[in-house]
Amino acid sequence: MSGLRYVYAVCRPFGTPLSAQLTGVAGVPPKQLTHHGLVAVVGHVPEEDFAERPLRAHLEDLDWLSATARAHQNVIDALTVVTSPLPLRLATVFLDDSGVRTMLEQREDAFLRTLDRLDGRVEWGVKVYAESPEASESTESAENPDSRPAPSPAKPVSGRDYLRQRRGQRRVHEEKWEQAEEFSRRLHETLSGYAEETRIHAPQNPALSRASGRNVLNAAYLVPRSESEAFVELVDRTKDDSPGLRVELTGPWAAYSFSGEDS
C-alpha cells in the first residue's frame, strides 16, 4: 500500500493480536513492523494530509486535530490492553518502512531501556478541583433549603462595613484554597506510596478543559498493573473526604507522562 507511515508506538513483541475491527488514523488498521527486538505499530496515511506542508496546516485545524488525536488514542488504548507500549507523539510520520526501521535502529538502546521500565505498568491520572466558596455555599443552600438565611431588609452599607466584608471574603477564599492545597498534598503523598514514579503537571486551564472549579492537583502515577485495583480503591475512598473538593481519576493509560516522548 502506498502512502506515508504513521507510527503510533514502539513495543516489545506481543503475542495477543489486536482486534481485526480496530482502525486508526485515516481509517486504516494498524500493523506491526518488527526490527530486531522491537515492534513499531504503524499505519499508512495519505501524503495529501500528512506530508510536511499539509500536515502543518492541519495542525491548526482543531476539528481535524481532535479527530486525528481520537483515532491515535484508539490504537494506543488497544495496545495498552495487550502490552505496555511506548507511545510516540501525535503525527510521527516517515516516508516508508525503511525510515521507520532506521528510527528504530538509531534509538534502539533508549527504547529498550524505557520499555523495560514501563513493562507491566500503566499510568493513572488524578485531578483535584476546588469549588469557589460561593459555589460551595450555593450548592449547600440548594441541597438544604432550611439552611438558607432569611432575607433581611436592605439597608445602607458604610464604606467601613464594605471593606470589612471584603476582608472577610478574602479570608474565606484564602482558607478554602489552603485547605484544598493541604488535602491535595496529603493525597499525593498517599498515592505516591502505590506508584513507582510520579509526575506533577501544570494545573489545567479551565477555558480549555471546561472543567468547573480551580484545578489544585494535576498528577500522573506510574503504577504496576498488580497494584492498580488497590490504587483505584484508595482514590475512591478519598472522594468525599473534604466538602467543596472534587477528585477525578482517569486511566489506565499508556505511560505517556513517563515515556520520555513528547505527546
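Here the structure is a predicted model, which means the values were calculated and not measured. (Residues numbered from 1 in each chain as written. Predicted model: local features only at pLDDT ≥ 70, side-chain atom pairs only at ≥ 80, totals over all residues. Heavy atoms only, no water.)

1. With respect to empty space enclosed by the protein
1) Next: Considering all chains together, one arrives at 1 cavity of 30 Å³ or more under this definition.
2) Next: Roughly 30 Å³ of internal volume is contained in the largest cavity.
3) Next: Lining the largest cavity are Thr-80, Ser-84, Pro-85, Arg-121, Ala-254 and Ala-255. (1 Å grid on protein atoms, 1.4 Å probe; cavity = no way out; pocket = protein on both sides within 12 Å on 5 of 7 lines; lining within 4 Å. Points joined across faces, edges and corners; volume = space filled by probe spheres on them.)

2. What about the packing of aromatic side chains?
1) Next: Within this structure, the stated rule accounts for 5 aromatic pairs.
2) Next: Residues Phe-50 and Trp-64 carry aromatic rings whose centres are separated by 5.4 Å and whose planes lie at 50° to one another, so their mutual orientation is tilted. Here Trp-64 lies in helix H3 (residues 62-82) and Phe-50 lies in helix H1 (residues 47-50), a separation of 14 residues in the sequence. Here Phe-50 matches Trp-64 in class, with each residue buried.
3) Next: An aromatic cluster is built from Tyr-6, Tyr-8, Phe-50 and Trp-64, whose rings are joined through pairwise contacts.
4) Next: The ring centre of Trp-177 lies 4.6 Å from the NZ or CZ of Arg-214, which sits over that ring. (Phe/Tyr/Trp six-rings, centres within 6.5 Å; stacked < 30°, edge-to-face > 60°. Helix = DSSP H or I, 4+ residues; strand = E, 2+ residues; numbered from the N terminus. Buried < 20%, exposed > 50% of the residue type's maximum accessible area, 1.4 Å probe, protein only. Lys NZ or Arg CZ within 6 Å of the ring centre and 35° of its normal.)

3. Some details on unusual backbone geometry
1) Next: Here the bond from Gly-251 into Pro-252 is cis, since omega is 0°, no more than 30 degrees from zero.
2) Next: Structurally, Pro-252 is set in strand S9 (residues 245-253).
3) Next: In this structure, Ala-91 takes a positive phi of about 65° despite not being glycine.
4) Next: Tracing the sequence through the fold places Ala-91 in the loop between strand S4 (86-87) and strand S5 (93-94).
5) Next: On the basis of relative accessible area, Ala-91 is assigned to the buried category, the value being 11%.

4. Things to note about the sheet that holds strand S8 (residues 214-224)
1) Next: Ordered by their spatial adjacency, 4 strands build an open sheet running S7-S8-S6-S9, and the pairing between neighbours is antiparallel. Edge positions in the sheet fall to strand S7 (197-200) and S9, since each has one partner strand and no second. In this sheet, adjacent strand axes meet at a mean angle of 20° when their direction is disregarded.
2) Next: Pairing geometry for S7 and S8, over 4 bridges, is antiparallel. By the bridge assignment, Thr-198 is partnered in S8 with Tyr-221.
3) Next: Where helix H5 (residues 108-118) meets the sheet, its contacts fall on strand S6 (121-130), S7 and S8, and the angle it forms with S6 comes to roughly 70°. (Pairing = 2+ DSSP bridges. Axes fitted to C-alpha atoms, helices over the stretch in contact; angles between N-to-C directions. Contact = heavy atoms within 4.5 Å.)

5. Thoughts on the pattern of salt bridges
1) Next: For the structure on display, the rule yields 11 salt bridges.
2) Next: Between Glu-197 and Arg-117 there is a salt bridge; the shortest N-O distance is 3.0 Å. On the criterion of sequence distance, the pair formed by Glu-197 in strand S7 and Arg-117 in helix H5 is long-range, its members being 80 residues apart. (Salt bridge = Lys/Arg side-chain N within 4 Å of Asp/Glu carboxyl O.)

6. Let's talk about H3
1) Next: When the terminal C-alpha atoms of H3 are compared, their 31 Å separation across 21 residues agrees well with the 30 Å that a helix rising 1.5 Å per residue should span.
2) Next: Those residues of H3 that fall on the buried side of the exposure criterion are Trp-64, Thr-68, Ala-71, His-72, Gln-73, Val-75, Ile-76, Leu-79 and Thr-80.
3) Next: Residue Asp-61 occupies the N-cap position of H3, its side-chain oxygen lying 3.1 Å from the main-chain nitrogen of Asp-63. (Expected span 1.5 Å × (residues − 1). Polar contact = N/O pair within 3.5 Å; in protein donor to acceptor, adjacent residues only side chain to side chain.)

7. Observations concerning the side chain of Thr-114
1) Next: You can see Thr-114 is positioned in helix H5.
2) Next: Residue Thr-114 is classed as buried on the basis of its relative accessible area, which comes to 13%.
3) Next: If we ignore the near neighbours within four places in the chain, the residues touching Thr-114 are Leu-86, Phe-258 and Ser-259.

8. A few points about the confidence of the model for the protein
1) Next: Per-residue pLDDT for the protein has a mean of 87; in total, 82% of the residues score no lower than 70.
2) Next: Under a pLDDT of 50 for its full length, residues 135-142 has, in the predicted model, 7 contacts with residues more than four places off or in other chains. (pLDDT = per-residue confidence, 0-100.)

9. Digging into the environment of Arg-214
1) Next: One can find Arg-214 in strand S8.
2) Next: We classify Arg-214 as partly exposed; its relative accessible area is 40%.
3) Next: A sequence separation of 10 residues divides Arg-214 from Gln-204, and the C-alpha atoms of the two residues are 8.5 Å apart.
4) Next: Residues contacting Arg-214, with those up to four places away along its chain left out, are Val-128, Tyr-129, Ala-130, Trp-177 and Glu-181.

10. A look at helix H4 (residues 97-106)
1) Next: Of the residues making up H4, those classed as buried are Asp-97, Val-100, Met-103 and Leu-104. Along the axis of H4, the buried positions cluster into a sector of 120°, meaning they face one direction only.
2) Next: One side-chain oxygen at the N-terminal end of H4 lies 3.2 Å from the backbone nitrogen of Ser-98; it belongs to Asp-96. (Arc of directions from axis to C-beta.)

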